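# Observations on the model geometry
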Amino acid sequence: MDFSTAQPKPAPALCGVVSADGKIAYPPGVKEITDKITTDEMIKRLKMVVKTFMDMDQDSEDEKQQYLPLALHLASEFFLRNPNKDVRLLVACCLADIFRIYAPEAPYTSHDKLKDIFLFITRQLKGLEDTKSPQFNRYFYLLENLAWVKSYNICFELEDCNEIFIQLFRTLFSVINNSHNKKVQMHMLDLMSSIIMEGDGVTQELLDSILINLIPAHKNLNKQSFDLAKVLLKRTVQTIEACIANFFNQVLVLGRSSVSDLSEHVFDLIQELFAIDPHLLLSVMPQLEFKLKSNDGEERLAVVRLLAKLFGSKDSDLATQNRPLWQCFLGRFNDIHVPVRLESVKFASHCLMNHPDLAKDLTEYLKVRSHDPEEAIRHDVIVTIITAAKRDLALVNDQLLGFVRERTLDKRWRVRKEAMMGLAQLYKKYCLHGEAGKEAAEKVSWIKDKLLHIYYQNSIDDKLLVEKIFAQYLVPHNLETEERMKCLYYLYASLDPNAVKALNEMWKCQNMLRSHVRELLDLHKQPTSEANCSAMFGKLMTIAKNLPDPGKAQDFVKKFNQVLGDDEKLRSQLELLISPTCSCKQADVCVVSKLYFYICSSSFAYSNLHFIKAFFT
């Protein structure tokens, strides 16, 4: 029997309970327990009393009547304020059994006394923390007894019962640790869930004592308390959902942040609660829709970040379950606030990977953002699509790939570069390596032509990037010679006419550059003269035109030429590199192992690293 519906009732009359000499009746063999005996003797006698109450059941009417004065005596200030923790533990065990034996009638009539008793018992539960303590089994017995009888439910009739419950919840969440077995957690859950489910409601302060364990800082500090709160919320979802909704309504809609110390963590809490059980937030989602339309850009940004996590998480079905909120969220792709649009675009990548069924909804919004006036947003649209495509080409449709294709002609170099490199990576993955079969290869077969067409652009940066892409992705230089030639053959045979012309033009330009470098090396072999210096200067200016930012490149090639004139070893490595007989492997060793790092060790390298990389790669 428990105290689920019990109310405190007056104790039975004490007639016939006290012995003839007016003293309290103790169990056989137990002498009087007073402040006149030593602590050790008191502990010894209390253990016998504990054993007596432990063996009693609710049907022992005679014993219940006999030991009622003792039960009242054990709730006196002498025991509740005793300085010895062993004494307090034994008394708490006795009191827990007394509540069990006398249920559903409380043996204590005073509300103040009941409050003191339960606060006292709660303090003793702190002993559960140390599982290696010799007394741990007694602490566990205390917890088990309280949970089984639902003793704390008797506090519902007390005016200030909330103080007791808050202290109990805080104590249990603070003592739970990884040394506890499942039985300890189970009894804690039984104790707390009965208070939540059988009471008239959960106050904000009591709710805070649960929710605080979900905040990242607390979660990382004590994972066991997080797990305990998680299971408790799942178990009590139908009862506690209304209390959670009221909390978020106060903070999100009414702006009353003072209602809780956790108000500043509302978005973290919503994310954690959604992961635990979406049903906990049934009434909260409309409040988020309200916040998405806030006039404050930073507030909208915070809500977008939160919803991006909720919609994008792998097991979430929020987009299908709450279409109005999903449509409202998609509207933020067109938000006037740049950070909000940027956050929306970043979300799309996770959404495409975790929820490919939503690709159709996202496509139109990404199309608009691919033409966004902000460079960073156009850049991130490309990153979003390419990231998803690299995970699985089936995640992106032809329209999405078409947006990336368009951006290869963007007015900004950073955007063009991201689009070109992204497409090159897809081509290598799905065409060269054939990682997803013939159908996937055909889907991206146009990439090779598109990339080579870019060689017709006037920008030297575009031309150099096409050369780099050709050597790393279209016909990778690190392949064995036979494989590389096969790769080149199939590529050349499948290119469209304009791409073939571009490829021929690229080889022609590269050959011309090698000729200029060869002629520069020949000039270094000749005696120094005014004509020689003039010819050398002309060659340097020609070479500079083939590097990024030709204006700054002129300074680089001049300094490089000085190093070249002073170092015969460097000249010999460069001659090997431009030789028609130099293989890819030899060029790799020459550039990476010798030439590049040799130059990087020189005095001018650090300020010219950008040009060094372009010159030799």
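The structure presented is a predicted model; accordingly, all values stated were derived computationally and were not measured. (Residues numbered from 1 in each chain as written. Predicted model: local features only at pLDDT ≥ 70, side-chain atom pairs only at ≥ 80, totals over all residues. Heavy atoms only, no water.)

## Quick look at the overall build of the protein chain
When helices and strands are tallied, the protein chain shows 33 helices and zero strands. What you see for the protein chain is a C-alpha radius of gyration of 39 Å, clearly larger than the 25 Å of a compact globule of 617 residues, by over 25%. The C-alpha extent of the protein chain, read off along each of the three principal axes, is 135 × 55 × 45 Å. A total of 617 residues make up the protein chain; the buried ones form 49% of that total. Restricting the contact set of the protein chain to residue pairs at least 6 apart, pairs at least 24 apart contribute 67%. A total of about 29,900 Å² of accessible surface is found on the protein chain, and carbon and sulfur atoms cover 50% of it. Positive and negative side-chain charges of the protein chain, numbering 77 and 79 respectively, have mean locations separated by a distance of 7 Å. (Helix = DSSP H or I, 4+ residues; strand = E, 2+ residues; numbered from the N terminus. Rg over C-alpha atoms; globule rule 2.2 N^0.38 Å. Buried < 20%, exposed > 50% of the residue type's maximum accessible area, 1.4 Å probe, protein only. Contact = heavy atoms within 4.5 Å. Areas by Shrake-Rupley, 256 points an atom, 1.4 Å probe, with all protein chains shown as cover. Lys, Arg positive; Asp, Glu negative; His and termini not counted. Charge placed at Lys NZ, Arg CZ, Asp CG, Glu CD.)

## Regarding the nonpolar core
Leu95, Tyr152 and Phe248 are the most contacted members of the largest nonpolar core, which has 178 residues in total. If one sorts the elements of this core by residue count, helix 5 (residues 85-102) sits on top with 13 residues. Here this core spans two domains, since at least three of its residues come from each of domain 1 (21-174) and domain 2 (371-495). The residues contacting Leu95, other than those within four sequence positions of it, are Leu74, Ala75, Leu80, Tyr108, Ile117, Phe120 and Ile121. Within the second largest apolar cluster, 19 residues are counted, among which are Leu520, Ala553, Val557 and Leu564. (Core = buried A, V, L, I, M, F, W, Y, C linked by side-chain atoms within 4.5 Å. Domains from an automatic or database assignment.)

## A short note on the domain arrangement of the protein chain
Split into domains, the protein chain comes out as domain 1 (21-174), domain 2 (371-495) and domain 3 (505-616). With centres defined by C-alpha atoms, the gap from domain 1 to domain 2 works out at 75 Å.

## A word on the pattern of salt bridges
Throughout the structure, instances matching the rule amount to 32 salt bridges. Notably, a salt bridge pairs Asp35 with Lys36, separated by 3.4 Å at the nearest N-O pair. With a relative accessible area of 52%, Asp35 lands in the exposed category. Residues Arg407 and Asp410 are paired through a salt bridge, measuring 2.5 Å at the closest nitrogen-oxygen approach. An identical accessibility class is assigned to Arg407 and Asp410; each is buried. (Salt bridge = Lys/Arg side-chain N within 4 Å of Asp/Glu carboxyl O.)

## Brief notes about the packing of aromatic side chains
Inspection of every chain in the model, using the stated rule, returns 17 aromatic pairs. Both rings, one in Phe329 and one in Phe347, keep their centres 4.9 Å apart while their planes meet at 85°; by these two values the pair is edge-to-face. Linking Phe329 in helix 18 (residues 323-330) with Phe347 in helix 19 (residues 338-354), this pair joins segments that are 18 residues apart in sequence. We note that Phe329, like Phe347, is buried. (Phe/Tyr/Trp six-rings, centres within 6.5 Å; stacked < 30°, edge-to-face > 60°.)

## Some points on unusual backbone geometry
Of the consecutive residues Ala103 and Pro104, the connecting peptide bond is found in the cis state with omega at 5°. Non-glycine residue Lys150 carries a positive phi angle of around 55°. Within the element layout of this structure, Lys150 appears in the loop between helix 7 (136-149) and helix 8 (161-175). A relative accessible area of 23% means that Lys150 is categorised as partly exposed.

## Some details on the environment of Leu342
Mapped onto the elements of the fold, Leu342 is located in helix 19. Taking the C-alpha atoms as reference points, Leu342 and Glu575, 233 residues apart in sequence, are found 49 Å from one another. Other than its neighbours up to four places away in sequence, Leu342 contacts Ala376, Ile377 and Asp380.

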